[in-house]
Number of protein chains: 2
Amino acid sequence: MKPDALDCKILSELANKARMTWAELAGQLGISPPAAADRVRKLEEAGIIRGYVTQIDAPRLGYDLAAFIAVTLEHPRDRDGFLAAVQSTPEILECHHIAGDGDYLLKVRCRGTSGLEHLITAQLKELPGVTQTRTTIVLSTVKEAIAVPITDASAL
Amino acid sequence: MKPDALDCKILSELANKARMTWAELAGQLGISPPAAADRVRKLEEAGIIRGYVTQIDAPRLGYDLAAFIAVTLEHPRDRDGFLAAVQSTPEILECHHIAGDGDYLLKVRCRGTSGLEHLITAQLKELPGVTQTRTTIVLSTVKEAIAVPITDASAL
DNA sequence: GATGAAAAAGCGATGTA
DNA sequence: TACATCGCTTTTTCATC
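Fair warning: this is a prediction, and the values are worked out from it, not measured in the lab. (Residues numbered from 1 in each chain as written. Chains lettered and ligands numbered in written order. Predicted model: local features only at pLDDT ≥ 70, side-chain atom pairs only at ≥ 80, totals over all residues. Heavy atoms only, no water.)

**Focus on the overall build of chain A**
- Looking only at helices and strands, one finds 5 helices and 5 strands in chain A.
- For the C-alpha atoms alone, the extent of chain A along its principal axes is close to 55 × 35 × 25 Å.
- Classification of the 156 residues of chain A by burial places 47% in the buried group.
- Considering only residue pairs separated by 6 or more positions, chain A has 65% of its internal contacts joining residues 24 or more positions apart. (Helix = DSSP H or I, 4+ residues; strand = E, 2+ residues; numbered from the N terminus. Buried < 20%, exposed > 50% of the residue type's maximum accessible area, 1.4 Å probe, protein only. Contact = heavy atoms within 4.5 Å.)

**Here we look at the pairing of strand 5 (residues 130-144) of chain A**
- The pairing of strand 2 (residues 65-73) of chain A with strand 5 of chain A spans 7 bridges and is classified as antiparallel. Counted as the bridge partner of Phe 68 of chain A is Thr 136 of chain A from strand 5 of chain A.
- In this structure, strand 5 of chain A lies alongside strand 3 (residues 92-99) of chain B, joined through 6 bridges in antiparallel fashion. Each residue of the ladder has a partner; that of Glu 144 of chain A, found in strand 3 of chain B, is Glu 94 of chain B. (Pairing = 2+ DSSP bridges.)

**Some words on the domain arrangement of chain A**
- Entries for chain A in the domain assignment read domain 1 (5-53) and domain 2 (59-137).
- Taking the mean C-alpha position of each, domain 1 of chain A and domain 2 of chain A sit 35 Å from one another. (Domains from an automatic or database assignment.)

**Regarding the protein's contact with DNA strand C**
- For DNA strand C, the full set of nearby residues is Thr 21, Trp 22, Ala 23 and Pro 34 of chain A together with Leu 6, Ile 31, Ser 32, Pro 34, Ala 35 and Arg 39 of chain B.
- Within 4 Å of the protein, the contacting atoms of DNA strand C are 75% sugar and phosphate, with bases supplying the remainder.
- Within the side chain of Ser 32 of chain B, a nitrogen or oxygen atom sits 2.6 Å from a phosphate oxygen of DNA strand C.
- Looking at the surface near DNA strand C residue by residue, the class counts come to 7 nonpolar, 2 polar and 1 charged. (Near = heavy atom within 4 Å. Polar contact = N/O pair within 3.5 Å; in protein donor to acceptor, adjacent residues only side chain to side chain. Nonpolar A, V, L, I, M, F, W, Y, C, P; charged D, E, K, R; others polar.)

**Considerations on the interface of chain B and chain A**
- Taken together, the contact between chain B and chain A spans 66 residues of the former and 66 residues of the latter.
- A combined buried area of about 6,500 Å² lies between chain B and chain A, and 58% of that area is made up of carbon and sulfur atoms.
- Contact with chain A buries surface across chain B, with Arg 19, Gln 55 and Lys 143 of chain B losing the most and accounting together for 13% of the total.
- At the boundary of chain B with chain A, the tally comes to 2 salt bridges.
- One salt bridge in this structure joins Lys 107 of chain B and Glu 94 of chain A, with 2.9 Å as the shortest N-O distance.
- Among the elements of the structure, helix 1 (5-15), strand 1 (49-56), helix 4 (79-88), strand 3, strand 4 (104-110) and strand 5 (130-144) of chain B are those that each provide at least two residues to the side of chain B that touches chain A.
- Class assignment of the residues belonging to the side of chain B that touches chain A gives a composition of 40 nonpolar, 14 polar and 12 charged.
- As paired strands, strand 1 (residues 49-56) of chain A and strand 1 of chain B are joined by 7 bridges and run antiparallel to one another. Looking at strand 1 of chain B, one finds that Tyr 52 of chain A is bridged to Thr 54 of chain B. (Buried area = accessible area lost by both parts, 1.4 Å probe. Salt bridge = Lys/Arg side-chain N within 4 Å of Asp/Glu carboxyl O.)

**As for the relation of the copies chain B and chain A**
- Under the fitted operation, chain B is carried onto chain A by 0.0 Å of movement along the axis and a turn of 180 degrees, and the coordinates agree to an RMSD of 0.0 Å. One copy is carried onto the other by what is essentially a two-fold rotation axis.
- Of the interface residues in chain B, 100% have counterparts in chain A that sit at the interface too, so the contact is made through matching surfaces. (Least-squares fit on C-alpha atoms with pLDDT ≥ 70 in both.)

**Quick notes on the protein's contact with DNA strand D**
- The environment of DNA strand D is formed by Leu 6, Ile 31, Ser 32, Pro 34, Ala 35, Arg 39 and Lys 42 of chain A together with Thr 21, Trp 22, Ala 23 and Pro 34 of chain B.
- Restricting attention to atoms of DNA strand D within 4 Å of the protein, one finds that 78% of them are sugar or phosphate atoms.
- Arg 39 of chain A is positioned with one of its side-chain polar atoms (N or O) 2.6 Å from a phosphate oxygen of DNA strand D.
- At 2.8 Å, a backbone N or O of Trp 22 of chain B approaches a phosphate oxygen of DNA strand D.
- Sorting elements by how many residues they give to the surface near DNA strand D places helix 3 (residues 33-45) of chain A first, with 4 residues.

**Side note on the pattern of salt bridges**
- Enumeration over the complete set of coordinates arrives at 24 salt bridges over all chains.
- We note a salt bridge from Glu 13 of chain B to Lys 17 of chain B, for which the minimum N-O separation is 3.9 Å.
- Sharing partners across several salt bridges, the network here consists of Glu 94, Lys 107, Arg 109 and Glu 144 of chain A together with Glu 94, Lys 107, Arg 109 and Glu 144 of chain B.

**Side note on the nonpolar core**
- Counting residues in each nonpolar core, the largest one holds 41 residues, and the members touching the most others are Leu 14 and Leu 25 of chain A together with Leu 11, Leu 14 and Leu 25 of chain B.
- No other element matches the 5 residues that helix 1 of chain B contributes to this core.
- Beyond its immediate chain neighbours, meaning those up to four positions away, Leu 11 of chain B contacts Ile 56 and Leu 61 of chain A together with Leu 43, Ile 48, Ile 49 and Ile 150 of chain B. (Core = buried A, V, L, I, M, F, W, Y, C linked by side-chain atoms within 4.5 Å.)

Structural data, given as structure tokens:
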């Protein structure tokens with residue numbers, strides 16, 4: 001499926017107002033509400049829209065410390081176990097396979113330094129093959145968006 | 001405002017299904033739809049719910065390359081200009097002030113290596129005070145969540 | 001927080017270009 | 001194929017208890 005200009009407008013509208021009604025969305029687009037809903041359904045089925053999430057103020061719930069952790073694995077055979085642990089650890093928000101220093105870069109969010117200490121020593125370093133971790137503490141977050149800039153991608 | 005156990009259940013329900021109806025949410029909680037809607041409205045007003053966003057498959061829209069860029073500023077006086085540029089550059093998804101190597105860690109998403117090259121040379125390095133950048137390419141993303149683990153935070 | 005009525009939105013069928 | 005219009009159902013909202 002190839003999104004056209006109208007689909008891209010839908011995406012940019014929905015990006016930051018995921019709970020808007022079809023009527024409101026349709027008004028922005030100049031089409032009827034059923035037509036707008038139909039296009040959104042197609043975007044969902046095509047996997048371009050992956051879902052709708054609620055942004056929650058993590059610090060208000062006690063998760064006031066963010067950090068990035070570069071993890072080095074000893075051997076490729078340790079990978080599956082490591083990735084399974086990553087998936088099942090909710091404090092690990094993101095895990096990227098990277099080129100450069102370390103093998104994986106984790107973005108984590110913990111309850112203070114004690115929560116971070118527990119995550120590193122009792123969870124990460126306990127995993128087989130995790131030989132080295134390098135932690136970068138986040139002092140403050142200036143910007144945290146989720147959506148990419150949405151331009152007309154119909155030419156792709 | 002202090003969220004109680006029921007509020008936390010609301011947050012965990014809404015976290016990944018932001019478009020669910022009040023009726024559906026209320027059914028999960030065992031309360032009436034108006035009561036559920038009322039609690040959600042209070043969570044929004046308290047700023048605990050910051051908004052509702054649509055997850056979009058960025059690679060499908062051409063943004064197929066992610067990277068982390070550590071930026072070092074020459075002098076604190078360069079900060080305001082740098083942060084303004086960060087806010088107005090949509091390819092920069094996140095910007096964290098960090099303790100460690102470099103001053104700021106950016107998470108960016110570009111159209112291929114050419115997009116990344118343009119971002120680094122034509123945008124970042126053009127900024128006053130940006131003396132050094134260290135880029136880490138993301139080979140693949142294993143996990144990318146947005147929500148923290150939501151437990152009962154009423155004790156905070 | 002529940003209930004019930006009014007208002008609004010969503011859904012499906014049909015028609016049209 | 002994509003969209004508009006219509007009628008029906010569900011949901012939301014706003015009283016009151």
